[in-house]
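Spelled out from the first residue to the last, the chains are:
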Amino acid sequence: MENGVIEFDIGLGGSIGGGEDDPLDIEDHRHDHMDNDETIADLSPTAASISGRGYGLQESYIPEGDLDLEPYEGMEFESEEAAKAFYNSYARRVGFSTRVSSSRRSRKDGAIIQRSFVCAKEGFRNLNEKRTKDREIKRPRTITRVGCKASLSVKIQDSGKWVVSNFVKEHNHELVPPDQVHCLRSHRQISGPAKTLIDTLQAAGMGPRRIMSALIKEYGGISKVGFTEVDCRNYMRNNRQRSLEGDIQLLLDYLKQMQSENPAFFYAVQGDEEQYTGNVLWADPKAMANYTYFGDTVTFDTTYRSNRYRLPFAPFTGVNNHGQPVLFGCAFLINESEASFVWLFKTWLEAMSGHPPVSITTDYDALIQSAVMQVFPETRHRFCKWHIFKKCQEKLSLVFLEHPNFEAEFHKCVDLTESIEEFESCWFSLLDKHELRDYEWLQAIYGARSQWVPVYLRDTFFAEMSITQPSDSINSYFDGYVNASTNLNQFFKLYEKALESRNEKEVKADYETLNGSPILMTPSPMEKQASELYTRKLFMRFQEELVGTLTFMASKADDDGEITTYQVAKFGEDHKAYYVRFNVLEMKASCSCRMFEFSGILCRHILAVFRVTNVLTLPSHYILKRWTRNAKSCIALDEHVNDVFSSYLESHTVRYNTLRHEAFKFVDEGAESVETYTVAMAALEEAIEKVSKEMKNEGKISTVSGRIRDDSKRNGIQANHSTQNNQGSFAQQLSEEERDKKIGELARELDFANRRCEVYRANLLAVLKDIEDHKRQLSIKVQNVKITMKDGFLG
């Protein structure tokens, strides 16, 4: 075939990627585009080329003639592209990747007259390139250029044909075996049929991993697929990007319409609306109002930007007073750079009146973390534990297969440890047991443990009703509405449907709270108080803790004169004790479980201490307004707490505890010596006499007041009777008013007396329970003594 012309059916082609080096399986998550270096298209009959960054659909390069032909000087081609295609076909067969190196142009018209194609390992990397000189490279690529001289040069003839002017066959490096050729950059191409299959499966909600599995099964092996999972992922990303760029105007038109209908509707666009390249944020008036009531903790939900979904959608959500998810605004993420996240958070914060939340929960993402640190420096940032668990299933899949018990032990270590020391010990024991200390993913999440392991986060409010179990709010606000097959055209209707449904659920919860009284399970005034203050769901959660106190015993462990420490544990389980520090004068308590700090609901351990110290109602500082029925009202909580009954209980409790505290100090100091004992006894007798005298005086005053009140009423009745004779029906009406007033006074006195009886009854029940507990302990001790004596006798 001397000096023959090789003919090709060609199109303008390129490879999936390019660049100076040739990484075999690296996905750059920081950029959605590919490198710009030109590379050679695939000659495989089963694969089609992909045009540069656009991934355009092109026809295959189908050579006519001998596919095993080796290049030689003088070989002719119909075009430059045909020469490029032939050399790439040869490179695939031999086992190396190619790229375009240099060209020469005509001085007359500037047309290319000579082109050189080289091995991808030609030359050496310039480490002082201008493009990398002024910026830090966070993830440098592996150096692959080794100065290989293999190349093919072609130049155009007067006839229009392109002829090989130079061919260097030898390489200075090892060539790639056939089963790895598909990893080389110039040979990684997605064919037309493969694109069609990817598009179909992506529309059905499948991710790149599952799609690659389907392709491998369809083509009979990864080497026959012709590209890698990274290529598939990047194709899907760019495919989605192009689709969004075509539909993004729909979103902007929708937001403009919403703002025209309601001027209070807020939306902002990063960059210029005419040349949209950034993100979009919006919030309706209800979302902004919700933030004023429940904006103490926020979740930035990035679930929908994952490959499972077609929408890069991220709502800001929180938790309302019924424990339901509530919306604070929404974002559409097109540009996911650090600067874009900073813009997004700053703009959202401005829309929310500039008040940052106490805590924020996001996905485990370095870019988001950096943006949060810049915009919310005082806010506690938590990574979503359930997202980390989900990523563990991917990152630790081989570990889970090799160690079947590891996943359960891992969850137990994270969720059930009670202290930082216990978690640390459990973590390293688990790693040592399965020999995983050197596992990079585990090292990474351990380094971030203070932002996702519950035991490190219990000192901050996150509005979750349980420390170990996720609340309903952990589920996305739009779950059940936006799914894997949702596109932008469908999104608006589903978005409004989700808002309507969530609002309806909130209205229903308000109705159930205000139009029904929950069943009380104890005679405790505290339970009745909570039932009148909390929403239905929050009361049930509080009631669960209150009833739980019946299985716990609180015993004094330490008293420094100001703060008393109690050990709280189930009977016989002192090794699982919690410790409650209680300041009786300030009526403030803190528990080692930190449930109140984390959830805003008092734990059973503090409530158990309140029970033994006769704290009969919840102090106002332990009732968070955001959990009450009036969370959205401007009425102060104290107006509900400090009614006559609660005021009496609070003041009586404070007086009782203060006196008892001082009396214990008096007894301790008075018993130090005989002299102090004598003085203390004399002072105590004098105090008893004064208190007794004051109680008698209160009784006399009460009696005198009663007589005066009766006399005045009696005189009033006589006056009314006299007036009745003179004025007829008017006097009768006045008598009825006086009688109604009297009935009202008696009813209030009776209600107050009933409430006081209820208090005394609760106190009596608490005392009786303490006696029963003491009797049970003595009984156990007696039984132990009997057993010991019996064993001694038998021995």
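Refer to the structure above for everything that follows.
So, here's what we can say about the structure. (Residues numbered from 1 in each chain as written. Predicted model: local features only at pLDDT ≥ 70, side-chain atom pairs only at ≥ 80, totals over all residues. Heavy atoms only, no water.)

A word on the overall build of the chain
Along the chain, the regular secondary structure elements total 23 helices and 21 strands. Residues counted as buried form 44% of the 795 residues belonging to the chain. Nonlocal contacts in the chain, meaning residues at least 24 apart in sequence, comprise 65% of its contacts between residues at least 6 apart. Summing over all exposed atoms, the chain offers an accessible surface of approximately 42,600 Å²; the carbon and sulfur share of this is 52%. (Helix = DSSP H or I, 4+ residues; strand = E, 2+ residues; numbered from the N terminus. Buried < 20%, exposed > 50% of the residue type's maximum accessible area, 1.4 Å probe, protein only. Contact = heavy atoms within 4.5 Å. Areas by Shrake-Rupley, 256 points an atom, 1.4 Å probe, with all protein chains shown as cover.)

Some remarks on the side chain of T628
Tracing the chain through its elements places T628 in the loop between α19 (604–612) and α20 (638–641). With a relative accessible area of 1%, T628 lands in the buried category. One polar contact links the side chain of T628 to the main-chain carbonyl oxygen of K625, over a distance of 2.7 Å. (Polar contact = N/O pair within 3.5 Å; in protein donor to acceptor, adjacent residues only side chain to side chain.)

Here we look at the packing of aromatic side chains
As enumerated under the stated definition, the model contains 46 aromatic pairs in all. The interplanar angle of 20 degrees and the centroid separation of 4.6 Å between the aromatic rings of Y254 and F492 together place this pair among those described as stacked. One end of the pair, Y254, is in helix α6 (residues 229–261); the other, F492, is in helix α15 (residues 488–514), with 238 residues separating them in the sequence. Accessibility assignment for this pair places Y254 and F492 in one class, buried. Ring centres 6.3 Å apart and planes at 75 degrees place the aromatic pair F316 and F345 in the edge-to-face group. Taken together, the residues span a long stretch of sequence, with F316 in strand β14 (residues 313–319) and F345 in helix α8 (residues 338–351) at a distance of 29 residues. Given a relative accessible area of 0%, F345 falls into the buried group. Three or more aromatic residues joined by ring pairs make a cluster, and in this case those are W386, F389, F400, F406, F410, F423, W427, F428, Y446, W452 and Y456. A cation over an aromatic ring shows up here: R382 above the ring of F462, its NZ or CZ 4.1 Å from the ring centre. Lying over the aromatic face of Y477, R502 brings its terminal NZ or CZ to 5.3 Å of the ring centre. (Phe/Tyr/Trp six-rings, centres within 6.5 Å; stacked < 30°, edge-to-face > 60°. Lys NZ or Arg CZ within 6 Å of the ring centre and 35° of its normal.)

Quick word on the sheet that holds strand β21 (residues 588–591)
Strand order in the open sheet made by the four strands is β18-β19-β20-β21, with antiparallel pairing throughout. Strands with a single pairing partner mark the edges of an open sheet, and in this sheet they are β18 (552–559) and β21. Put simply, the sheet's adjacent strands are angled 25 degrees from each other on average, direction ignored. Bridge count for β18 against strand β19 (residues 564–570) is seven bridges, and the pairing is antiparallel. Within β19, the position partnered with D558 by the bridge is T565. (Pairing = 2+ DSSP bridges. Axes fitted to C-alpha atoms, helices over the stretch in contact; angles between N-to-C directions.)

So, helix α9 (residues 366–375)
Every buried residue belonging to α9 is among I368, A371, V372 and V375, and all of these are buried. Along the axis of α9, the buried residues cluster in a sector spanning 100 degrees; they form a single face. For α9, the exposed residues lying more than 90 degrees away from the buried face are A366 and M373. Buried positions along α9 lie against β13 (297–300), α8, β16 (359–362) and β17 (380–383). Sitting at the head of α9, D365 places a side-chain oxygen 2.8 Å from the backbone nitrogen of L367. (Arc of directions from axis to C-beta.)

Looking at the packing of helix α12 (residues 406–415) against helix α13 (residues 420–434)
Where α12 meets α13, the closest approach of the two axes is 9 Å, and the angle between their N-to-C directions is 165 degrees. The orientation of α12 relative to α13 falls into the category roughly antiparallel. Crossing of α12 against α13: the hand is left-handed. Together, F406, E409, F410, C413 and V414 of α12 and F423, C426, W427, L430, K433 and H434 of α13 make up the contact between the two elements. (Parallel < 35°, antiparallel > 145°, perpendicular 65-115°, else oblique. Left-handed = near helix turned anticlockwise from the far one by under 90°.)

Remarks on the side chain of Q324
Of note, Q324 is situated in the loop between β14 and β15 (325–332). For Q324, the contacting residues outside a window of four places in its chain are G318, V319, K505, E506 and A509.

Points about the nonpolar core
The biggest cluster of nonpolar side chains holds 39 residues, and the ones touching the most others in it are Y534, F542, F582, F610 and L618. For this core, the elements supplying multiple residues, two or more each, are α16 (525–533), α17 (536–548), β18, β19, β20 (578–583), β21, α18 (595–599) and α19. The biggest single contributor to this core is α19, with five residues. Every residue in contact with Y534, bar those within four places of it in the chain, is listed here: T513, F539, F542, L618, Y622, I623, W627, T628 and R629. Of all hydrophobic cores here, the second largest spans 31 residues; its members include F341, F345, W348 and M352. (Core = buried A, V, L, I, M, F, W, Y, C linked by side-chain atoms within 4.5 Å.)

Side note on the pattern of salt bridges
Counted by the stated rule, this structure contains 21 salt bridges. With a shortest N-O distance of 2.6 Å, K385 and D415 are connected by a salt bridge. Within this pair, whereas K385 is found in helix α10 (residues 385–395), its partner D415 is found in helix α12, the two being separated by 30 residues in sequence. In this pair, the class of K385 matches that of D415, namely buried. Taken together, the shared-partner salt bridges connect R541, E544, E545 and R604 into one network. (Salt bridge = Lys/Arg side-chain N within 4 Å of Asp/Glu carboxyl O.)

Observations concerning a negative patch on the surface
Where like charges cluster on the molecular surface, the negative patch consists of D558, D559, D560, E562, E586, D668, E669 and E672. For the negative patch, the secondary structure elements donating two or more residues are β18 and α21 (644–670). Inspection of the secondary structure puts D558 in strand β18. Looking at D558, the relative accessible area reads 45%, which means it is partly exposed. (Patch = residues over 30% accessible without salt bridge, like charges linked within 9 Å, V, L, I, M, F, W, Y side chains within 5 Å. Lys, Arg positive; Asp, Glu negative; His and termini not counted. Charge placed at Lys NZ, Arg CZ, Asp CG, Glu CD.)

Here we look at the state of the cysteines
Taken as a whole and judged by the stated rule, the model has zero disulfides. Here C603 stays free of any disulfide, with the sulfur of C593 as its closest cysteine sulfur at 3.7 Å. On the basis of relative accessibility, which here comes to 1%, the residue C603 falls in the buried class. (Disulfide = S-S within 2.5 Å.)

With respect to helix α4 (residues 208–219)
Between the first and last C-alpha of α4 there are 16 Å, a value that for twelve residues agrees with the 16 Å anticipated at 1.5 Å per step. Every buried residue of α4 is listed here: P208, I211, M212 and L215. For α4, the angular spread of the buried residues around the axis is 100 degrees, confining them to a single face. α4 presents R210 and K217 as exposed residues on the side facing more than 90 degrees away from its buried surface. (Expected span 1.5 Å × (residues − 1).)

Side note on unusual backbone geometry
The backbone of S353 sits at a positive phi, close to 70 degrees, despite the residue not being glycine. With respect to the helices and strands, S353 occurs in the loop between α8 and β16. Positive phi values are uncommon outside glycine, yet E435 reaches one of about 55 degrees. Along the chain, E435 falls in the loop between α13 and α14 (440–447).

Concerning the pairing of β20
Where β19 meets β20, five bridges bridge the pair, whose relative direction is antiparallel. Pairing of T565 across the sheet is with R581, part of β20. In the sheet, β20 pairs with β21 via four bridges, with the strands oriented antiparallel. Within β21, the residue paired with V580 across the bridge is C591. Where β20 hands over to β21, the hairpin turn is made up of four residues, of which M587 adopts a positive phi near 55 degrees.

A short note on the environment of Q202
Mapped onto the secondary structure, Q202 falls in helix α3 (residues 192–203). Q202 sits 37 residues away from N239 along the chain, and the two C-alpha atoms are 9.8 Å apart.

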